[in-house]
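Examination of the molecular architecture
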Number of protein chains: 2
Amino acid sequence: MKKIITISRECGSGGRQIGKKLAEKLGYSYYDKELIDRVSKESGLAKEFIEEQGEHITGSLLFNIASNMTYAGQVFGGNMLPLQDQLFVVQSDIIREIANKENCVIVGRCADFILKDYPDSLHVFIHGDMACKAKRAVNEYGFAPGDVEKTLRKRDKARANHYKYYTDSEWGKAQNYDMTLNSSTFGIDACVNVLYDVVTK
Amino acid sequence: MKKIITISRECGSGGRQIGKKLAEKLGYSYYDKELIDRVSKESGLAKEFIEEQGEHITGSLLFNIASNMTYAGQVFGGNMLPLQDQLFVVQSDIIREIANKENCVIVGRCADFILKDYPDSLHVFIHGDMACKAKRAVNEYGFAPGDVEKTLRKRDKARANHYKYYTDSEWGKAQNYDMTLNSSTFGIDACVNVLYDVVTK
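Owing to the predicted nature of the structure, the values given are computational and were not obtained by experimental measurement. (Residues numbered from 1 in each chain as written. Chains lettered and ligands numbered in written order. Predicted model: local features only at pLDDT ≥ 70, side-chain atom pairs only at ≥ 80, totals over all residues. Heavy atoms only, no water.)

Quick look at empty space enclosed by the protein
Within the structure shown, the criterion is met by 1 cavity of 30 Å³ or more. In this model, the largest cavity occupies a volume close to 60 Å³. Counting residues per element, the ones that place at least two in the lining of the largest cavity are α10 (188-200) of chain A together with α10 (188-200) of chain B. Grouping the constituent residues of the lining of the largest cavity by class yields 4 nonpolar, no polar and 4 charged. (1 Å grid on protein atoms, 1.4 Å probe; cavity = no way out; pocket = protein on both sides within 12 Å on 5 of 7 lines; lining within 4 Å. Points joined across faces, edges and corners; volume = space filled by probe spheres on them. Helix = DSSP H or I, 4+ residues; strand = E, 2+ residues; numbered from the N terminus. Nonpolar A, V, L, I, M, F, W, Y, C, P; charged D, E, K, R; others polar.)

Put into C-alpha cells, the structure is as follows:
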C-alpha cells in the first residue's frame, strides 16, 4: 500500500484532475492549490508569487548561491538566498511535514524529488498528446484557442527549467518516476484506475 | 484492446522478461532474439553484428547521410548508406511487416519509434534502480560483479545514443511512451499484470 503519491504533469494533460480523483477514491488528502495556500500562510508570500515562481528561473541553484546574483529579499532569517530559493526551502519543509503526517496526493512543486526516498511513496508523471492537451486547455481551463499550443509549450518549458534548477535532473525523464502515463492513450478515468490498483496492492 | 506492444528497457531492468511473460499471458508473438534471427536471415548479416550495432554510434543519421562518412558496405542495392543505417532500414521494414500481420510484443530495436503511429499499439519503457539491476545482471545474466554498474551504464548509454541517432529524440523520455514503469518499485510480475490490464481493456 502506497501512502504518498506525487503527481508531476504536463500542462493540459489532466494530471491535476487525475490526482484529485485518485485522492477521492483513496480517501487521501489532496494538495495542489491547498499547498499554495499553506505556503502563503506560513511564509507571508503572495499566492500569485508562489504559484508563478517556477516560471522565470534561469541558471542553477548552485550558481545562484555561489554568485549571490539575484538576492531579492530576506524573508526567512535574513539569509542571502534569492526569494525564490527561500520559497523552495519553506515549501519543501511543508511538503515533508505533510508526508510525515498523513496519506496524501501532492500535485507539482517538485514533490517527487523532495519525497524521493520516502517509504511507501509512488511518484507519477502524466503527459499527453498536444491535440488532447490543447482541447482540454481551451474547453476546461479557458485558454485562448489561437495560441494555446504555444502557451502550453511555454508553460512546460518553464516547469522543466524549474525542475532542472532545483533537482539538477530532467523533468519528464522516466527514471525519475515510478510510473508515467500518457493520459491521451488511456483517458483520465483509466489513469485513475491504473494508479488506484498499483497504490492499493 | 492493444494489438502491438513495444518494450524499451534499461539493461538489467527485467524488461525482456516482462515482455516475454506478457506475450505468453496475452497469447501474442514475442520478438526479441527472434527478430535478430529474422533480420539476419533476410539481410545476410551476422547475428552478432545485428545485436551489437547499437553500441558504437556517434553523430546523427542525417550527418552520416550528408557526409557519407562511414560507408562500410553495399549490402542492399548498392546504395551509399553506412551498413548500420542499411540495417536499420531493413529491420524497420521487418518490424512493420510483423506489426501488420500479427499481435505481438517487440522488445528493443527502436520499435516504439518505428510503430509510433500504429493503431492499437502500446509503447512501454521499463527501468529500474541500480542495485536491483546490478543484482539481476550478475545473478541472471552472468555479468562480472566487480564492474557490473559501469557495464550497465555503458550499455544504456549506447542504447540512448543509438535511439538519439535514429529517432532524434531522447531514450527514456516519458513523452515517447504510453507508459513507463520502474520494475524495482513493482516487481516483474506486477509490471506484467499492470500491462496486461491496460492492454486488454
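Considering the pattern of salt bridges
All names here are of chain A. One pass over the structure, following the stated rule, counts 22 salt bridges over all chains. With its nearest N and O atoms 3.6 Å apart, the salt bridge here joins Arg38 to Glu42. Here the residue Arg38 and the residue Glu42 both occupy positions in helix α2 (residues 33-43), the gap between them amounting to 4 residues, near one helical turn. Look at Arg38 and you get buried, because its relative accessible area is 18%. Exposure remark for Glu42: the relative accessible area of 46% places this residue in the partly exposed category. Between Glu149 and Arg153 there is a salt bridge whose closest N-O contact spans 3.7 Å. In this pair, Glu149 and Arg153 both sit in helix α8 (residues 148-167), 4 residues apart, roughly one turn of the helix. Exposure remark for Arg153: the relative accessible area of 48% places this residue in the partly exposed category. Because the salt bridges share partners, they merge into one network encompassing Glu10, Lys133 and Asp156. (Salt bridge = Lys/Arg side-chain N within 4 Å of Asp/Glu carboxyl O. Buried < 20%, exposed > 50% of the residue type's maximum accessible area, 1.4 Å probe, protein only.)

Considering helix α2 (residues 33-43) of chain B
Taken residue by residue, α2 of chain B has Leu35, Ile36, Arg38, Val39, Ser40 and Ser43 of chain B as its buried positions. At the C-terminal side of α2 of chain B, Gly44 of chain B shows a positive phi close to 80°.

Describing the interface of chain A and chain B
Contacts between chain A and chain B engage 20 residues on the former and 20 residues on the latter. Of the roughly 1600 Å² buried between chain A and chain B, counting both surfaces, carbon and sulfur atoms make up 54%. Looking at the side of chain A facing chain B, the largest losses of area belong to Gln175, Asp178 and Phe186 of chain A, adding up to 30% of the total buried there. For the pair chain A and chain B, the number of links is 0 salt bridges. For the side of chain A that touches chain B, the secondary-structure elements that each account for two or more residues are β4 (121-127), β5 (179-182), α9 (183-186) and α10 of chain A. For the side of chain A that touches chain B, the leading source of residues is β5 of chain A, giving 4 residues. Taken together, the residues of the side of chain A that touches chain B sort by class into 10 nonpolar, 6 polar and 4 charged. (Contact = heavy atoms within 4.5 Å. Buried area = accessible area lost by both parts, 1.4 Å probe.)

Points about helix α1 (residues 15-26) of chain B
Residues and elements named next belong to chain B. Its 12 residues give α1 an end-to-end C-alpha distance of 16 Å, which sits within 8% of 16 Å, the value for a rise of 1.5 Å per residue. Within α1 the residues assigned to the buried category are Gly15, Ile18, Gly19, Leu22, Ala23 and Leu26. For α1, the arc enclosing every buried residue in end-on projection is 130°, short of the 170-degree limit, so these residues lie on one face. Two residues or fewer past α1, Gly27 is found with a positive phi of approximately 70°. (Expected span 1.5 Å × (residues − 1). Arc of directions from axis to C-beta.)

Comments concerning the packing of aromatic side chains
Residue and element names in this part refer to chain A. For the structure on display, the rule yields 10 aromatic pairs over all chains. Ring geometry for Phe88 against Tyr166: centres 4.0 Å apart, planes inclined by 5°, an arrangement best described as stacked. Within this pair, whereas Phe88 is found in helix α5 (residues 83-101), its partner Tyr166 is found in helix α8, the two being separated by 78 residues in sequence. Their ring planes at 80° and their centres at 4.4 Å tell us that Tyr165 and Tyr166 sit as a pair that is edge-to-face. For Tyr166, a relative accessible area of 6% translates into the label buried. One aromatic cluster is present, built from ring pairs that chain together Phe88, Tyr165 and Tyr166. Here the guanidinium or amino end of Lys25 rests over the ring plane of Tyr196, the centre of that ring lying 4.8 Å away. (Phe/Tyr/Trp six-rings, centres within 6.5 Å; stacked < 30°, edge-to-face > 60°. Lys NZ or Arg CZ within 6 Å of the ring centre and 35° of its normal.)

Regarding the sheet that holds strand β1 (residues 4-9) of chain A
Within the open sheet, the 10 strands sit side by side as β2(A)-β3(A)-β1(A)-β4(A)-β5(A)-β5(B)-β4(B)-β1(B)-β3(B)-β2(B). Their pairing is mixed. One side of each edge strand has no neighbouring strand; the edge strands of this open sheet are β2 (29-31) of chain A together with β2 (29-31) of chain B. Shown here is a sheet whose adjacent strand axes are inclined to one another by a mean of 20°, direction ignored. In this sheet, strand β5 (residues 179-182) of chain B lies alongside β5 of chain A in antiparallel orientation, the contact comprising 3 bridges. Counterpart to Met179 of chain A in the pairing with β5 of chain B is Leu181 of chain B. The sheet strands contacting α10 of chain B are β5 of chain A together with β1 (4-9), β4 (121-127) and β5 of chain B, and the helix crosses β5 of chain B at an angle near 165°. (Pairing = 2+ DSSP bridges. Axes fitted to C-alpha atoms, helices over the stretch in contact; angles between N-to-C directions.)

Let's talk about the environment of Lys133 of chain B
Residues and elements named next belong to chain B. Looking at the secondary structure, you find Lys133 in helix α7 (residues 130-139). Owing to a relative accessible area of 5%, Lys133 belongs among the buried residues under this scheme. Once the C-alpha coordinates of Lys133 and Gly12 are considered, the two residues, 121 residues apart in sequence, prove to be 4.4 Å apart. With sequence-adjacent residues up to four places away left out, Lys133 is seen in contact with Glu10, Cys11, Gly12, Ser13, Gly128, Leu152 and Asp156.

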